[in-house]
Amino acid sequence: MQPESLMMTAGYDKEWSQGAIKCPIFQTSTFVFNKAEEGKAFFEVAYGLREKDAAENVGLIYSRLNNPNVEILEDRLKIWDAAEDCACFNSGMSAISTVFFEFLKPGSLFVYSAPIYGGTHHFIQHVLTAFGIEGIPFGPNDTKDDILQKINAHPLKDHMKMIYVETPANPTNHLFSLRMCSEIAKGLSKDENKVLLVVDNTYMGPIWQHPLELGADLVIYSATKYIAGHSDLIAGAVSGSKQLIQRVKVLRTFFGNLPSPNTGWLLMRSLETMKIRMEQQQANAKLIAQYLSKHPKVAKVYYLGLLEKGTAQWDIFNEQCKGEGAMLSFDIVGGEKEAFAFLNHLKLIQLAVSLGSTESLAEHPATMTHIDIPENEKKIMNITSSLVRLSVGVEHADDLIADIEKALEKV
Ligand SMILES: *Cc1c(COP(=O)(O)O)cnc(C)c1O
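Since we're looking at a predicted model, the values are computed, not measured. (Residues numbered from 1 in each chain as written. Predicted model: local features only at pLDDT ≥ 70, side-chain atom pairs only at ≥ 80, totals over all residues. Heavy atoms only, no water.)

Details of the overall build of the protein chain
Applied cut-off: Secondary structure elements follow DSSP: runs of H or I no shorter than four residues count as helices, runs of E no shorter than two count as strands, and numbering proceeds from the N terminus. The quantity called the radius of gyration is restricted to C-alpha atoms. Its globule counterpart is 2.2 Å times the number of residues to the power 0.38. Whether a residue is buried, partly exposed or exposed follows from its accessible area with a 1.4 Å probe, protein chains only, as a fraction of its type maximum: under 20%, in between, or over 50%, in that order. What sets the accessible areas is the Shrake-Rupley method with a 1.4 Å probe; for residues, cover comes only from the shown protein chains.
For the protein chain, the helix and strand inventory stands at 13 helices and 12 strands. Its C-alpha atoms give the protein chain a radius of gyration of 22 Å, near enough to 22 Å, the size a compact globule of 411 residues would have. Taking the principal axes of its C-alpha atoms as reference, the protein chain extends roughly 75 × 55 × 35 Å. By the burial criterion, 54% of the 411 residues in the protein chain qualify as buried. A total accessible area of about 18300 Å² is found for the protein chain, and carbon and sulfur atoms account for 54% of it.

Topic: the site of the ligand
Definition in use: By convention in these notes, a residue is near a molecule or strand provided one of its non-hydrogen atoms lies within 4 Å of it. By the criterion applied in these results, polar contacts are pairs of N or O atoms within 3.5 Å in which, for protein atoms, one can donate a hydrogen and the other can accept it, and in which residues neighboring in sequence qualify only through two side-chain atoms.
Taken together, 14 residues surround the ligand, and among them Met93, Asp200, Ser222, Thr224 and Lys225 come closest. Within the side chain of Ser222, an N or O atom sits 2.8 Å from an oxygen atom of the ligand. Contact between the ligand and Lys225: an oxygen atom at 2.7 Å from a side-chain N or O atom of the residue. In isolation the ligand offers 380 Å² of accessible surface; the protein chains occlude 93% of this area. By residue number, the principal contributor to the shell around the ligand is helix α4 (residues 92-103), which donates three residues.

Quick notes on the packing of α4 against helix α5 (residues 118-128)
This is how it is decided: Angles here are taken between N-to-C directions and fall from 0 to 180 degrees, while the axes themselves are lines fitted to C-alpha atoms, restricted in helices to the stretch in contact. When an angle is under 35 degrees it counts as roughly parallel; over 145 it counts as roughly antiparallel; between 65 and 115 it counts as roughly perpendicular; any other value is oblique. Helix crossings get a hand from a simple test, with the near helix turned counterclockwise from the far one by less than a right angle marking a left-handed crossing and a clockwise turn marking a right-handed one. Contact criterion: two residues are considered in contact whenever any of their non-hydrogen atoms come within 4.5 Å of each other. Basically, the charged four are Asp, Glu, Lys and Arg, the nonpolar ten are Ala, Val, Leu, Ile, Met, Phe, Trp, Tyr, Cys and Pro, and anything else, Gly included, counts as polar.
Taken N-terminus to C-terminus, the directions of α4 and α5 make an angle of 40°; their axes are 11 Å apart at the nearest point. It follows that α4 is oblique to α5 by the angle criterion. The hand of the α4/α5 crossing is right-handed. On α5, the residues touching Met93, Ile96, Ser97, Phe100 and Phe101 of α4 are Gly119, Thr120, Phe123, Ile124, Val127 and Leu128. Of the residues belonging to the contact of α4 with α5, the class tally is eight nonpolar, three polar and no charged.

Side note on the pattern of salt bridges
Filter applied, for reference: For this analysis, a salt bridge means a side-chain nitrogen from Lys or Arg found within 4 Å of a carboxyl oxygen belonging to Asp or Glu.
Going through the model one piece at a time under the given rule, you end up with 20 salt bridges. The salt bridge partner of Glu44 is Arg50, with a shortest N-O separation of 2.6 Å. Classification of Glu44 by relative accessible area gives partly exposed; the value is 23%. A salt bridge links Arg389 to Glu363; its shortest N-O distance comes to 3.3 Å. Taken together, the positions of Arg389 in strand β12 (residues 387-391) and Glu363 in strand β11 (residues 361-363) put the pair 26 residues apart, joining distant regions of the chain. Each of the salt bridges in this network shares a partner with another, and the network as a whole consists of Glu74, Asp85, Lys249 and Arg252.

Things to note about helix α13 (residues 397-409)
Given 3.6 residues per helical turn, the α-helix brings residues three or four places apart onto the same face. Put simply, the test is: Helix span is expected to be 1.5 Å times the residue number reduced by one. What the arc measures is the spread of directions leading from the helix axis to the C-beta atoms.
Here α13 contains 13 residues, and its C-alpha end-to-end distance of 18 Å stays within 8% of the 18 Å for a straight helix at 1.5 Å per residue. Within α13, the full set of buried residues consists of Ala397, Leu400, Ile401, Asp403, Ile404, Ala407 and Leu408. In an axial view of α13, the angular spread of the buried residues amounts to 155°, which keeps them on one side of the axis. Across from the buried face of α13, at angles greater than 90 degrees, the exposed residues are Asp398, Lys406 and Glu409.

A word on the domain arrangement of the protein chain
Spelled out, the test is: Note: domain ranges come from an automatic or database domain assignment. Accessible surface is computed with a 1.4 Å probe, and the buried area is the amount of it that two parts give up when combined, taken over both parts together.
Its domain assignment divides the protein chain into domain 1 (3-271) and domain 2 (274-409). Its C-alpha centre places domain 1 at a distance of 28 Å from the equivalent point of domain 2. Counting residues at the interface gives 37 residues for domain 1 and 39 residues for domain 2. Summed over the three residues of domain 1 that lose the most area to domain 2, namely Leu175, Trp208 and Tyr226, the buried surface amounts to 24% of that side. Inspection of the region where domain 1 meets domain 2 yields three salt bridges. For Glu4, the salt bridge identified is with Lys275, shortest N-O distance 2.9 Å. At the boundary of domain 1 and domain 2, one finds 23 residue pairs in polar contact (both at pLDDT 80 or more). Classifying every residue of the side of domain 1 that touches domain 2 gives 18 nonpolar, 15 polar and four charged.

Quick look at the state of the cysteines
Note the following rule: We call a pair of cysteine sulfur atoms a disulfide whenever their separation is within 2.5 Å.
Taken as a whole and judged by the stated rule, the model has zero disulfides. Cys181 takes part in no disulfide bond, and the closest cysteine sulfur to it belongs to Cys321, at a distance of 13 Å.

As for the packing of aromatic side chains
In this description, an aromatic ring pair is defined by two values, namely the gap between the centres and the angle between the planes. Selection rule: Pairing of aromatic side chains here covers Phe, Tyr and the six-membered ring of Trp, requires ring centres within 6.5 Å, and sorts the geometry by plane angle: under 30 degrees stacked, over 60 edge-to-face, intermediate tilted.
In total, this model carries 15 aromatic pairs according to the counting rule given. Judged by centre distance (5.9 Å) and plane angle (35°), the rings of Phe110 and Tyr112 are tilted.

Remarks on the sheet that holds strand β8 (residues 298-302)
Selection criterion: Pairing between strands is defined by DSSP: at least two bridges between them are needed.
Sheet architecture is open: five strands sit in the order β8-β9-β12-β11-β10, paired in mixed fashion. Looking along the sheet, the strands with just one partner apiece sit at the ends: β8 and β10 (350-351). Sheet topology places β8 next to strand β9 (residues 327-332); four bridges connect them, and they run antiparallel. Residue pairing across strands places Tyr302 opposite Ser329, the latter belonging to β9. Packed on one face of the sheet, helix α9 (residues 261-293) meets β8, β9 and β12 and runs near 15° to β9.

Comments concerning the pairing of β12
The side chains of a regular strand alternate, first on one face of the sheet and then on the other. Most of β12 is tucked away, with five of its five residues classed as buried. Residues Leu387, Arg389 and Ser391 line one face of β12 and the alternating positions Val388 and Leu390 line the opposite face, and both faces are buried. Sheet analysis places β9 next to β12, joined by five bridges and oriented antiparallel. Each residue of the ladder has a partner; that of Asp331, found in β12, is Leu387. With three bridges connecting them, β11 and β12 associate as antiparallel partners. Its bridge partner lying in β12, Glu363 is registered against Arg389.

Structure, rendered in structure tokens:
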């Protein structure tokens, strides 16, 4: 069956809950073992002391390690990336920070795509460096040779552990080739030191891009965005091989960043409609991008459906994306004053950060989500004072365009 069909029932047995069609919320902190031997066996597996036997049914222990709502959620979420396993978290940032801490150690080197999500950028610059873990940024125009040169010029080059990529990049939709990154990771890997390719797929996933198919080892989500899709919770997820996810889950136990049963339950609700929401959002975004690209008060639109044929970016898009997504940004003619006039006159589209939800959202990256980035870097990344970012929701496209039209009239 296709993933959208499996979202209704996968991982849940109605016999557990008196025939309830929906999985109830298992609001409990701890679980009773039938026998002491059972408790021992569960702990051995949970702490990674031994692998689970094929036929073994590993039960629940304590809701910081596992909980039915979270486990069923993981069983469903992994289906979208055809992953062996998935680990859910109480935020996208806790998924990201747990992956960094599990696979990097003091003295490790990694490379990462830039621009990158602001929280990830801060974590790399201020937290990882304090632990002696160093990251080298690379941009959308860097070639394989450029990236290899940066690694080879670094004193920690023999401790290279990870390539961390976010594509398309926020807020301008610049693409990074996952094939190229996978080639670099494979080329640098040795038997005793595998270089991991980790992809933050929040912007495109899990529908419009499948990094594991393209050679990634781990795929990360802020489940707060498209997966939850209703602006009512914060959560994260990591999918990949059983072996890597087991390591991530062990560290999650000790960081204590599993989502609550209630969050797990809400995300299962969201997964049932995720695909149709995302398809409607994408269809709306396409119409809005076309409208904006013809408007005299709009200087430039950054949208994957408007990439110029024959360019390197267009090639990457065709190789790795299954859709244009529902995020776009545009330069309004003018600067901050004009951008703010537009934002202040929107009525249906709400002025807020975050993305991927049912309601459309607009924000000003230069002074909001990307305020932390130094001016010269903002320039390189095209984050100008006239740039506005839109996350397109499921409202009627005519109403969204009318709202944009009225707000542009006030500029
Ligand atoms: C929002 C976001 C994050 C962080 O996720 P939270 O759920 O807010 O912790 C990470 N990466 C990207 C691309 C995001 O948009």
